[in-house]
Amino acid sequence: MTNFYFEAPYDSREEFVMNYPFERAQELIAKGKSQAEISEYLQSEDFSNDLKVALDRVEKAGLLTRMRGPSKEGRYSQPIMGLSLVIDERGIPLDFELYPGNKSEYGYLKRAMESVKQKYGITDAFYVADRGLNSCQNLEHLQAAGFGFIVAQKISQQNAMQHQEMISSDGWKVLDLTQDPWATDLNEDIDGAAYRYKVVDHVKSSKEVVKDDAGNTLRREINVKCKLIYTFSAKRKRRDECVIRALTAKAQDAISQRKHANTKGGPCWRALVKTKAEVERTKEGKDSDIYVELNKDKIARMEAIAGYAALAVSAPKNSTFSMETIEVIAQRGYKQLVYIEASFRAAKSLFGLRPVYVKRDDHTLGHCLLCILALSMMKVIQYLLQQQGTALSLEKIQEALKFASVDALASSINPGQAMSYLKSAKDPGKHISLYEDEEPTLSNTDLIMLAVGLSPLQYLETNGSIRRSLKIDPDVPVLTKRQSAYLARLAASLKPKPK
């Protein structure tokens, strides 16, 4: 799930409030009310109550969608809308839904999963997500629906028993994924250290505030039985230690510069320092909010878990997989989560998902649909290229297709029959070797055409060869009537004039 922002000054609620007086005035005019009566009503308490009722109605109906909320891109002054995207194991989009920008992602996970289940009849599947959607309510719902899940589990807030269980030398296994094309880099530690993992039983617990049929508030305890897969990588440990050193250096600079803790949250290094008030355990005194000391306990805890990570895993209800197979599926499946992040980046950057310049919900849906369709087509092309052994990024594919073109050349003999194929200067490869002993290479555009079942084009083609290479339907003209007429006039001008 992600969100995207609008280039609009007002959110849906503000726009509704601004438009409501005009709409009510039009209704009263249609009923024959005078201007004085309308003005009196618009300034009355009755109007305020009607506005409140109307706002509640449209909000419950889910019509206030372009709202301000926690933007993932830091665009807090602009209204946003949420997008849930479902992809398969190859990274190809299957479905998407939009939801109000001021609503939490937690509540819309259930809606997205129910939609996939009903639309496609999918029951035996793993739901994969990062820590942002790992809540007991969501996991309980997934299990009740028969789905399995593979979600990242936070290890920095484990209790002492769980921490000891994780760092213990017992129960570790070595996972060999060297033959798996989707996860080969799990074994690429620089010093050759093996990627290791262990599996333990786990129960995720939390309490939820609910209301019974009588309207009484109750606290319901949620217990989700699952497996925890702890993993350790020496490469990840080196990366984590570099991050800790960098944050510690920034924290030390803050102490040296006597910075004030005048804002909440902020940079990660703030967790590694203590203020004068925290050290002296009193809020009294001058400059009590100045950073004066490193939080050595916090730094030690971060160093102790460097290199470790965890996944919470549960198999689908109807699964017949062995636990050993599920262990491999879980670790491979979580690595594939990078595909959805790449999909979001591509949709936003390459295909212009954001910013959005339309305001109506149906127009916004159409805008998102076009972006996701474009993304789906590009991901299919990328997958077909991978099948033939070529790895091209979505940016490279887009560039190759964007700048490749076919132009018609005027000919005095056959008007419009000679075609010239042009490609981007940034696209490597050539069709004809300049030297006899040099093997011809294919451009990215040619590789894409081969992947989708078309034939690469030469620099010069005829109308018929273009039709065959690009599989153009016989009933569809290669050139438009206007192009053909224009080329015919050019061809006439090329004919030699009589002496």
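Residues numbered from 1 in each chain as written. Predicted model: local features only at pLDDT ≥ 70, side-chain atom pairs only at ≥ 80, totals over all residues. Heavy atoms only, no water.

### Thoughts on the confidence of the model for the chain
To keep it simple, the criterion reads: A score from 0 to 100, pLDDT tells how confident the predictor is in each residue. In what follows, a contact means two residues having at least one pair of non-hydrogen atoms within 4.5 Å.
Residues with a pLDDT of 70 or more make up 87% of the chain, whose mean pLDDT is 82. Contacts for the low-pLDDT stretch residues 187-192, under 50 throughout, to residues beyond four places or in other chains number 13 contacts. Overall, residues 431-436 carries pLDDT values under 50, and its contacts beyond four positions in sequence, including any with other chains, amount to 10 contacts.

### Observations concerning the packing of aromatic side chains
In plain terms, the rule: In summary, the pairing rule links any two rings of Phe, Tyr or Trp, Trp by its six-membered ring, whose centres are within 6.5 Å, and it sorts them by plane angle into stacked for under 30 degrees, edge-to-face for over 60 and tilted for everything else. The helix and strand labels rest on DSSP assignments: H or I over at least four residues marks a helix, E over at least two residues marks a strand, and numbering proceeds from the N terminus. Burial classes: relative accessible area under 20% of the type maximum marks a residue as buried, over 50% as exposed, and values in between as partly exposed (1.4 Å probe, protein chains only). Both a distance and an angle decide whether a charge sits over a ring: NZ of Lys or CZ of Arg must be within 6 Å of the ring centre and within 35 degrees of the ring normal.
Scanning the model with the defined rule gives 7 aromatic pairs in all. The interplanar angle of 55° and the centroid separation of 4.9 Å between the aromatic rings of Phe232 and Tyr308 together place this pair among those described as tilted. In this pair, Phe232 sits in strand β8 (residues 217-232) while Tyr308 sits in strand β11 (residues 308-314), placing the two residues 76 residues apart along the sequence. For Tyr308, a relative accessible area of 14% gives the class buried. Ring-pair connections join several aromatic residues into one group, and the members of that group are Phe16, Tyr20, Tyr41 and Phe47. Here the guanidinium or amino end of Arg66 rests over the ring plane of Phe6, the centre of that ring lying 6.0 Å away.

### Structural notes on unusual backbone geometry
What is expected of a backbone is that most residues other than glycine have negative phi and most peptide bonds are trans. With an omega of 0°, the peptide bond between Arg354 and Pro355 qualifies as cis. Here Pro355 shows up in the loop between α11 (338-349) and α12 (361-387). A positive phi angle, near 55°, is found at Arg258, a position not held by glycine. Within the element layout of this structure, Arg258 appears in the loop between α7 (234-256) and β9 (273-275). Backbone geometry places Lys471, a non-glycine residue, at a positive phi of 55°. Looking at where Lys471 falls in the secondary structure, it is placed in the loop between α15 (463-469) and α16 (481-494).

### Concerning the environment of Glu341
One can find Glu341 in helix α11. For Glu341, a relative accessible area of 34% corresponds to the partly exposed category. The sequence separation of Glu341 and Thr2 amounts to 339 residues, and the corresponding C-alpha distance is 9.2 Å.

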